[in-house]
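This is what each chain is made of:
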Amino acid sequence: MGKLTVGALRAVLVLVLTGTVLVQTLLVWALATDQQEGSLPITPMRVIVLLGMVSVQVAGVCVWRLVTMVRRGTVFSHAAFRYVDIVIGAIVTAALLWFAITAVNAPGQREDPGVTLIMAGIGVAILGVALIVLVLRMLLAQAVARDVEAARMQAELDEVI
């Protein structure tokens, strides 16, 4: 990865992490001060969104660590799997929280159930992202195995020479 790519990715991660902290702060303030009015169950939705922001933050921190490993040339190691697994878990958690938001919102959409179907479709798409990251994890596993095999072969070659 080039320095420009790493810098751009880290800038995006900083913006996302800063934005999620700001949203969380506003949500906690709203939970503490707002009185619930209207037909939508706002408090459960706020709590679910708050938890969703945590899952985004966890994924962001893990991606940051993976980028650091890429820059150091240590990403093809077993240590990278921990971060990839956490990212997958965070994405699945985000999808489950999205399904929870969909369920909380569904009773208010009786006249227009298409909104609920679209929201459910978005949840399935989020789960699809988790599956894509799982496939990338499998590719990382193959790369690590090949790297270990190449190191073993290099060691054997060094002994011969």
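This one's a predicted model, so the numbers in the text were calculated from it and none came from an experiment.

What is the right way to read the layout of surface pockets from this model?
Quantified by volume, the largest pocket comes out at close to 560 Å³. Around the largest pocket, the lining is made up of 23 residues, and of these Val63, Leu66, Val84, Val87 and Val133 lie nearest the centre. Contributions of two or more residues to the lining of the largest pocket are made by helix 1 (3-33), helix 2 (42-72), helix 3 (79-105) and helix 4 (113-160). Broken down by element, the lining of the largest pocket gets its largest block of residues, eight residues, from helix 2. By volume, the second largest pocket amounts to about 160 Å³. Ile48, Val49, Gly52, Met53, Ser55, Val56, Ala94, Leu97, Trp98, Ile101 and Ile126 together form the lining of the second largest pocket. Elements that contribute at least two residues to the lining of the second largest pocket include exactly helix 2 and helix 3. Sort the elements by how many residues they give to the lining of the second largest pocket and helix 2 lands first, with six residues. For the lining of the second largest pocket, the per-class residue count stands at nine nonpolar, two polar and no charged.

Please clarify how the packing of helix 1 against helix 2 should be interpreted in this entry.
The description of two packed helices rests on the angle between their axes and on the distance between the axes. For the pair helix 1 and helix 2, interaxial distance at closest approach is 9 Å and the crossing angle is 160°. One way to sum up the angle between helix 1 and helix 2 is to call them roughly antiparallel. In this structure, the crossing between helix 1 and helix 2 has a hand that is left-handed. Here the residues of the contact of helix 1 with helix 2 are counted per class, giving 21 nonpolar, six polar and four charged.

How should I be thinking about the environment of Ile118 in this particular structure?
Within the element layout of this structure, Ile118 appears in helix 4. Residues Ile118 and Thr102, spaced 16 residues apart in sequence, show a C-alpha to C-alpha distance of 9.3 Å.

What is the right way to look at the pattern of salt bridges in this model?
Charged atoms that come close allow side chains of opposite charge to pair. Under the definition given, this model contains three salt bridges. Arg137 is the salt-bridge partner of Asp85, the closest N and O atoms lying 2.5 Å from each other. Placement of Asp85 in helix 3 and of Arg137 in helix 4 is noted, with a sequence separation of 52 residues between them. Between Arg152 and Glu149 there is a salt bridge, with its nearest N and O atoms 2.3 Å apart. Linking Arg152 with Glu149, this pair stays in helix 4, spanning three residues, or about one helical turn. Its relative accessible area of 38% is what places Arg152 among the partly exposed residues. A residue is classified by how much of its surface remains accessible, and Glu149, at 34% relative accessible area, is partly exposed. Several salt bridges converge on common partners, so that one network encompasses Glu149, Arg152 and Glu156.

Here is what the cut-offs are and how they apply
Residues numbered from 1 in each chain as written. Predicted model: local features only at pLDDT ≥ 70, side-chain atom pairs only at ≥ 80, totals over all residues. Heavy atoms only, no water. 1 Å grid on protein atoms, 1.4 Å probe; cavity = no way out; pocket = protein on both sides within 12 Å on 5 of 7 lines; lining within 4 Å. Points joined across faces, edges and corners; volume = space filled by probe spheres on them. Helix = DSSP H or I, 4+ residues; strand = E, 2+ residues; numbered from the N terminus. Nonpolar A, V, L, I, M, F, W, Y, C, P; charged D, E, K, R; others polar. Axes fitted to C-alpha atoms, helices over the stretch in contact; angles between N-to-C directions. Parallel < 35°, antiparallel > 145°, perpendicular 65-115°, else oblique. Left-handed = near helix turned anticlockwise from the far one by under 90°. Salt bridge = Lys/Arg side-chain N within 4 Å of Asp/Glu carboxyl O. Buried < 20%, exposed > 50% of the residue type's maximum accessible area, 1.4 Å probe, protein only.

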